[in-house]
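Structure at a glance
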Amino acid sequence: IFHQGSCSNLEGTYQQINSFMENYRKDIQEMSSFYKTHTNYDPKVIDSKLDNGDWYIDGTEAVKNGVCHKILTNLDEIWT
């Protein structure tokens, strides 16, 4: 899952909420930039998926697109 986070229980003055949203937008932009730099996904796909909320992928897609290197089948693989 590529998770965008949430803004539940947000309260405060207009300025506080506006400041929070500006920082939140920056976080989303940084996350998008990271995915574009560190995965094999087309940048347009990343923008489209993140605009639609959380983005779920399976293990095969994760390996194919450089999100991870491989799927572990045995915990011993971590220690060797």
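Everything below is about the structure shown above.
In this report, we go over the structure that sits alongside the text. (Residues numbered from 1 in each chain as written. Predicted model: local features only at pLDDT ≥ 70, side-chain atom pairs only at ≥ 80, totals over all residues. Heavy atoms only, no water.)

**Focus on the overall build of the chain**
Secondary structure assignment for the chain yields four helices and zero strands. Of the regular secondary structure in the chain, the N- to C-terminal order runs α-α-α-α. Its C-alpha radius of gyration of 17 Å places the chain more than 25% over the 12 Å reference for a compact globule of 80 residues. The C-alpha extent of the chain, read off along each of the three principal axes, is 55 × 30 × 20 Å. Long-range contacts, defined here as pairs at least 24 residues apart, represent 45% of the contacts in the chain between residues at least 6 apart. (Helix = DSSP H or I, 4+ residues; strand = E, 2+ residues; numbered from the N terminus. Rg over C-alpha atoms; globule rule 2.2 N^0.38 Å. Contact = heavy atoms within 4.5 Å.)

**Some points on the packing of helix 1 (residues 14-38) against helix 2 (residues 43-51)**
Two elements in contact, helix 1 and helix 2, have axes separated by 9 Å at closest approach and are oriented at 145°. In this structure, the crossing between helix 1 and helix 2 has a hand that is right-handed. Contacts between helix 1 and helix 2 involve M31, S32, Y35 and K36 from the former and P43, I46, D47 and L50 from the latter. Across the contact of helix 1 with helix 2, the residue classes break down as five nonpolar, one polar and two charged. (Axes fitted to C-alpha atoms, helices over the stretch in contact; angles between N-to-C directions. Left-handed = near helix turned anticlockwise from the far one by under 90°. Nonpolar A, V, L, I, M, F, W, Y, C, P; charged D, E, K, R; others polar.)

**Points about the packing of aromatic side chains**
Inspection of the entire model under this criterion finds three aromatic pairs. Taken together, a centroid distance of 6.4 Å and an interplanar angle of 70° make the contact between F34 and Y35 edge-to-face. On the basis of relative accessible area, Y35 is assigned to the buried category, the value being 12%. (Phe/Tyr/Trp six-rings, centres within 6.5 Å; stacked < 30°, edge-to-face > 60°. Buried < 20%, exposed > 50% of the residue type's maximum accessible area, 1.4 Å probe, protein only.)

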